Amino acid sequence: MTAVPHSAHWGVFRAEWREGELQVRPHEADPNPSPVLQNIPAAVRNPVRVARPSVRRGWWEDGPGPTDRRGREEFLEVGWDDVLDRLADEFRRVYAGHGPTAIYGGSYGWASAGRFHHAQGQIHRFLAMAGGYTQSVNTYSGGAAEVLLPHVLGPFDAVTRSVVTWDQIATHTDTVLAFGGMALKNSTVAAGGVSRHVERDAMRAAHRRGTRFVLVSPLRQDLPDEVDARWLAPEPGTDAALMLGLAHTLRAEDLHDREFLTTHCAGWPEFDRSLEGRDAEWAARICGIDAEEIRALARRLAAGRTLITVSQSLQRAEHGEQPVWAGLALAAMLGQIGLPGGGFVYGLGSLGHYGRPRNAVPVPTLSRRPNPVRSYIPVARVADMLLHPGERYSYNGEDRTYPDIRLMYWCGGNPFHHHQDLTRLRRALGGVDTFVVHESVWTATARHADVVLPATTTLEREDVGAHGTDPLVVAMKQIAEPYGEARDDHAILAALAGRLGFGERFTEGRTTREWLAHLWERTEKALADKGFPAPTFEDLWAAGEHELPPGADDGGLLAAFRAGTGRLPTESGRIQLASERIASFGYDDCPGHPAWLPPTEPPTPEQPLWLVSNQPSTRLHSQLDFGATSVAGKVGGREVVRIHPVDAAPRGIGDGDVVRLVNARGACLAAARVTDEVRAGVVQLPTGAWYTPASADDPTCVHGNPNVLTRDVGTSRLAQACTGQLTTVQVERYAGKPQEVRAHRRPPIVPRG
């Protein structure tokens, strides 16, 4: 077999079989390909694959209903027709007895770079046609910023993704102040795939030109070594205090841009008053950075073209709205918002599709059908919804009610990776009648489901990979036959739709290849209309890829606003340094101007260390945790926790020791790495190790999943977003022989007769 093109969220690649083994190599144009690509070969034939439709014995034999047996019972393998017939009956029962709001379409995840086999698009389209459902809004990654920024700056995508680009930084920026850093492990990932990882080269070029990078993070590796960044390691959760201390210095030393604050901002008098007493000494006492260092940094920010970046990680914590808003206010005081390579940008370096100009034409996408019901929750409040049906909660100025969910349908995601306080999540799942999952492998989510439908991996089907900020459209050709009886999500849902009476409407009478050609038509027409080469779908498929023309790198909405050619869609039409609208909500955990709010769960003698649970460098979230790169990053099969020598020594912890991380919510085991690349008082354990409880009665995760420790509370009543980045723990050397990790094995399954 010759090498064929394909794409994943962490890179475009070529795949071929050699002597019975699948081999992948990055696209030849990628200057800095991701090592995570080497997880892909394990996806095809791994024993942890789901081979056949599998149903929890209690659900199959006793029928739907609340139970504490999920995750504890064996599975029965049943035939496709039998399980789909039973599921169709369950849909009819729930719709008739409880209405569409009783069905939750979870499906939060990164299943495929393909635009047709996009799991969320497929399941939401199906449920909308079926009669409606309760859906989620916002993301675990950026939920606080996604709610805040439209209030204070403008539409989320329009003010984040392409307003400041890597090319602008390499050419124009004198100082990059990176709150939370711009770790290359994060920018390797982009929805729809990424053909060229440009971030490392852009930062190198900027550094060679003289750009000074300042990293504000408890982790030294949040910027690459070659940019020689100044590392400031504040107390976790205090970035907003540091920002306010910098802002106070700018005002006190008359380094702020009074004209910009008058002409382009609203709320400066209120924000100015809030800075009283928030000087460098005040900030130093909170964040642990020397006051003179703060003052010197403020002066540097005002001395040239400065870009202030705020990573996704900062707002994935309690009061996560505040560092985003305070960073914006600090940048506004410098008066450079809308200038090339200057001002403020949220999320740059957090994902691979930030910091690039958009393509000149749209890419192929599967359009969503409108949901006929208005029931929704903020995505990170799923356990609250299941545990507290009918209860009221606040969100973005609204008083809302949690629906009573009877059926959960999850397709292309893994809540046992994304969600916090997994013991609480397990308890919450016990309240639903039926939990359905499409999965290719036996994740913890699949093990806690009632019905597990085997889904193909991206390698086992055809698709088109594309994203609006990457120039390459990829013909994702099938590389392997489906494993066992696996079917793609579209085929599964089409069969279920047929049983419910809308199969033809769902498929529109098209095969997969016909769907791909149909989706390409929009891109082909846009290319032709603008005078660019416009290959047919057959041409694209034969060539394997097509490069789209780039759009203008012109700073977008913010540059136009600065130039006076448009207003921002905020309450004043300008940048909101204070917001009467947010103030009117009356939220004490999110006031009407940027503020530093102390944590409600600070370190204590019982839980003295901050735990940073950030994204892994060896996989995307929990995907392909059994792949070669992911497994190579573990020690003794366990995830690695990094700890500073001054914290390791009194605990008798050395490199490679198995340690126990514990707090009031739970415990997990991990392998220690002693290093000065983390701040003293901080330990770092990445997310994504498959949740593996020690036993049915002992929820200790022996594999090293930090979400047994993290808090399941919202950032504030404004956004109700995920706070999984920070919590507090104790760490101790594990005494005795630790349990073997069995994360990547199938649960007990009774084969068909």
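Predicted model only: the values in this text are computed from it and were never measured. (Residues numbered from 1 in each chain as written. Predicted model: local features only at pLDDT ≥ 70, side-chain atom pairs only at ≥ 80, totals over all residues. Heavy atoms only, no water.)

**Looking at the overall build of the protein chain**
Moving on, step 1. Check the secondary structure of the protein chain and you find 26 helices and 30 strands.
Moving on, step 2. Relative to the compact-globule value of 27 Å for 753 residues, the protein chain shows a C-alpha radius of gyration of 25 Å, a close match.
Moving on, step 3. Summarising its shape, the C-alpha atoms of the protein chain cover approximately 80 × 70 × 55 Å along the three principal directions.
Moving on, step 4. Accessible area of the protein chain: about 25,800 Å², with a carbon and sulfur share of 48%.
Moving on, step 5. Averaging the coordinates of the 80 positive side-chain charges in the protein chain and doing the same for the 89 negative ones gives two points 1 Å apart. (Helix = DSSP H or I, 4+ residues; strand = E, 2+ residues; numbered from the N terminus. Rg over C-alpha atoms; globule rule 2.2 N^0.38 Å. Areas by Shrake-Rupley, 256 points an atom, 1.4 Å probe, with all protein chains shown as cover. Lys, Arg positive; Asp, Glu negative; His and termini not counted. Charge placed at Lys NZ, Arg CZ, Asp CG, Glu CD.)

**As for the pattern of salt bridges**
Moving on, step 1. As enumerated under the stated definition, the model contains 59 salt bridges in all.
Moving on, step 2. Across the pair glutamate 508 and arginine 369 runs a salt bridge whose closest N-O atoms are separated by 3.6 Å. A residue pair is termed long-range when its members are at least 10 positions apart, and glutamate 508 in the loop between helix H20 (503-507) and helix H21 (512-529) and arginine 369 in the loop between strand S13 (343-346) and strand S14 (376-378) qualify at 139 residues.
Moving on, step 3. Judged by relative accessible area, which is 34%, arginine 369 ranks as partly exposed. (Salt bridge = Lys/Arg side-chain N within 4 Å of Asp/Glu carboxyl O. Buried < 20%, exposed > 50% of the residue type's maximum accessible area, 1.4 Å probe, protein only.)

**Quick word on the pairing of strand S17 (residues 407-411)**
Moving on, step 1. Taken across its 5 residues, S17 has 5 buried, putting it largely inside the fold.
Moving on, step 2. Where burial is concerned, the two faces of S17 agree: the one with Leu407, Tyr409 and Cys411 and the one with Met408 and Trp410 are both buried.
Moving on, step 3. Inspection of the sheet shows strand S6 (residues 103-105) paired to S17 by 3 bridges, in the parallel sense. Note that in S17 the partner of tyrosine 104 across the bridge is methionine 408.
Moving on, step 4. Strand direction decides the pairing type here: S17 and strand S18 (residues 434-439), joined by 5 bridges, are parallel. (Pairing = 2+ DSSP bridges.)

**Brief notes about the packing of helix H8 (residues 239-252) against helix H11 (residues 280-287)**
The relative placement of two packed helices comes down to the angle between their axes together with the axis-to-axis distance.
Moving on, step 1. The contact between H8 and H11 brings their axes to 8 Å, and the two run at 165°. Taken together, the axis directions place H8 and H11 in an arrangement best described as roughly antiparallel. The element H8 and its partner H11 pack so that their crossing is left-handed. For the pair H8 and H11, the contacting residues are Ala241, Leu242, Leu244, Gly245 and Thr249 in the first and Ala280, Trp282, Ala283, Ile286 and Cys287 in the second.
Moving on, step 2. Within the contact of H8 with H11, the residues separate by chemical class into 8 nonpolar, 2 polar and no charged. (Axes fitted to C-alpha atoms, helices over the stretch in contact; angles between N-to-C directions. Parallel < 35°, antiparallel > 145°, perpendicular 65-115°, else oblique. Left-handed = near helix turned anticlockwise from the far one by under 90°. Contact = heavy atoms within 4.5 Å. Nonpolar A, V, L, I, M, F, W, Y, C, P; charged D, E, K, R; others polar.)

**Let's talk about the environment of alanine 3**
Moving on, step 1. Inspection of the secondary structure puts alanine 3 in the segment before strand S1 (4-8).
Moving on, step 2. The spacing of alanine 3 and valine 24 is 21 residues in sequence and 8.5 Å in space, taken between C-alpha atoms.
Moving on, step 3. Here alanine 3 is in contact with Arg14, Ala15, Glu16 and Arg25, once residues within four sequence places are set aside.

**Re the environment of threonine 262**
Moving on, step 1. Looking at where threonine 262 falls in the secondary structure, it is placed in helix H9 (residues 258-264).
Moving on, step 2. Separated by 2.9 Å, the side chain of threonine 262 and the backbone oxygen of arginine 258 make a polar contact. (Polar contact = N/O pair within 3.5 Å; in protein donor to acceptor, adjacent residues only side chain to side chain.)

**Quick notes on the sheet that holds strand S25 (residues 640-643)**
Where strands meet in a sheet, backbone hydrogen bonds hold them as pairs that are either parallel or antiparallel.
Moving on, step 1. Here 6 strands make up a closed barrel; going around it, the order is S24-S28-S25-S27-S26-S29 and the pairing mixed. Strand-to-strand, the axes of this sheet are offset by a mean angle of 45°, without reference to chain direction.
Moving on, step 2. Pairing between S25 and strand S28 (residues 682-684): 2 bridges, direction antiparallel. If you follow isoleucine 643 over to S28, its bridge partner there is valine 683.

**Observations regarding the nonpolar core**
Moving on, step 1. Core analysis: the largest hydrophobic core is formed by 172 residues, its most contacted members being Leu153, Leu177, Leu246, Phe344, Met408, Ile575 and Leu661.
Moving on, step 2. Considering each element in turn, this core owes the most residues, 10 residues, to helix H14 (residues 321-334).
Moving on, step 3. Ignoring anything within four residues of it in the chain, the contact list for leucine 153 reads Val159, Leu328, Phe344, Leu558, Leu568, Thr570 and Ile575.
Moving on, step 4. Within the second largest apolar cluster, 34 residues are counted, among which are Val83, Ala102, Ala128 and Tyr133. (Core = buried A, V, L, I, M, F, W, Y, C linked by side-chain atoms within 4.5 Å.)

**What about the pairing of strand S16 (residues 398-401)?**
Moving on, step 1. Strand direction decides the pairing type here: strand S15 (residues 392-395) and S16, joined by 4 bridges, are antiparallel. The residue bridging tyrosine 395 from the neighbouring strand is glutamate 398, located in S16.
Moving on, step 2. The loop that links S15 with its antiparallel partner S16 comprises 2 residues; one of these, asparagine 396, has a positive phi angle of about 50°.

**Considering H14**
One turn of an α-helix holds 3.6 residues; hence residues three or four places apart share an orientation.
Moving on, step 1. Between its terminal C-alpha atoms H14 stretches 21 Å, which fits the 20 Å expected from 14 residues at 1.5 Å a residue.
Moving on, step 2. In terms of residue burial, H14 counts as a mostly covered element, since 14 of its 14 residues are buried.
Moving on, step 3. One or two positions beyond H14, positive phi appears at glycine 335, with a value near 75°. (Expected span 1.5 Å × (residues − 1).)

**What about the layout of surface pockets?**
Moving on, step 1. Approximately 1,500 Å³ is the volume attributed to the largest pocket.
Moving on, step 2. Surrounding the largest pocket, 46 residues form its lining, Thr139, Asp157, Arg161, Ala191 and His467 being those nearest its centre.
Moving on, step 3. The set of elements that each furnish at least two residues to the lining of the largest pocket consists of helix H3 (119-130), strand S7 (135-137) and strand S20 (463-467).
Moving on, step 4. Considering every element that reaches the lining of the largest pocket, the biggest residue donor is H3, with 3 residues.
Moving on, step 5. Considering only residue class, the lining of the largest pocket consists of 15 nonpolar, 23 polar and 8 charged. (1 Å grid on protein atoms, 1.4 Å probe; cavity = no way out; pocket = protein on both sides within 12 Å on 5 of 7 lines; lining within 4 Å. Points joined across faces, edges and corners; volume = space filled by probe spheres on them.)

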